[in-house]
Amino acid sequence: MCPGVGTLALVCLCRQTHYLGVAFTDAHRQYLHKWIAEQVLAEFVAEQSPLYQRRFAAIVRPATAESVGKRRRQVANASPQLGKAGLPGSKF
């Protein structure tokens with residue numbers, strides 16, 4: 001895992017563990033904030049997640065079930081490329 005892409009932050013959120021992240025630029029900070037927020041919302045509707053919220057999922061699942069699955073696949077497929085995003089000299 002590379003902390004620069006937010007994966008470690010998400011794992012810490014799921015495990016309710018403290019995490020201190022560093023964003024190298026404002027664009028990097030904005031990217032991390034957006035990505036983590038999207039992932040947390042996806043975790044809220046994933047039944048196997050420790051962040052699962054039954055009531056929230058019942059409300060939003062019909063509209064988002066397909067898009068959440070699609071987004072998870074995109075993130076899983078993109079993770080190797082995203083690993084460079086948090087390094088100095090990258091676009092983030």
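Here the structure is a predicted model, which is why all the values come from computation and not from measurement.

## With respect to the overall build of the protein
Then comes step 1: In terms of helices and strands, the protein carries 3 helices and 0 strands.
Then comes step 2: Ordering the α and β elements of the protein from the N terminus gives α-α-α.
Then comes step 3: As displayed, the protein has an accessible area near 6,500 Å², and 60% of this comes from carbon and sulfur atoms.

## Some points on the environment of Lys-34
Then comes step 1: Assignment of secondary structure puts Lys-34 in helix α2 (residues 26-45).
Then comes step 2: We classify Lys-34 as exposed; its relative accessible area is 53%.
Then comes step 3: Separated by 28 residues in the primary sequence, Lys-34 and Gly-6 have C-alpha atoms spaced 9.9 Å apart.

## Let's talk about the state of the cysteines
Then comes step 1: Inspection of the entire model under this criterion finds 0 disulfides.
Then comes step 2: Not engaged in a disulfide, the cysteine Cys-12 finds its nearest cysteine sulfur in Cys-14; these two sulfurs lie 9.4 Å apart.
Then comes step 3: Using a relative accessible area of 11% as the deciding quantity, one classes Cys-12 as buried.

## Remarks on the pattern of salt bridges
Then comes step 1: Under the definition given, this model contains 1 salt bridge.
Then comes step 2: Asp-26 serves as the salt-bridge partner of Arg-29, at 2.7 Å between the closest nitrogen and oxygen. With Arg-29 and Asp-26 both in helix α2 and 3 residues apart, the pair spans about one turn of that helix.
Then comes step 3: We classify Arg-29 as partly exposed; its relative accessible area is 43%.

What counts and how
- Residues numbered from 1 in each chain as written.
- Predicted model: local features only at pLDDT ≥ 70, side-chain atom pairs only at ≥ 80, totals over all residues.
- Heavy atoms only, no water.
- Helix = DSSP H or I, 4+ residues; strand = E, 2+ residues; numbered from the N terminus.
- Areas by Shrake-Rupley, 256 points an atom, 1.4 Å probe, with all protein chains shown as cover.
- Buried < 20%, exposed > 50% of the residue type's maximum accessible area, 1.4 Å probe, protein only.
- Disulfide = S-S within 2.5 Å.
- Salt bridge = Lys/Arg side-chain N within 4 Å of Asp/Glu carboxyl O.

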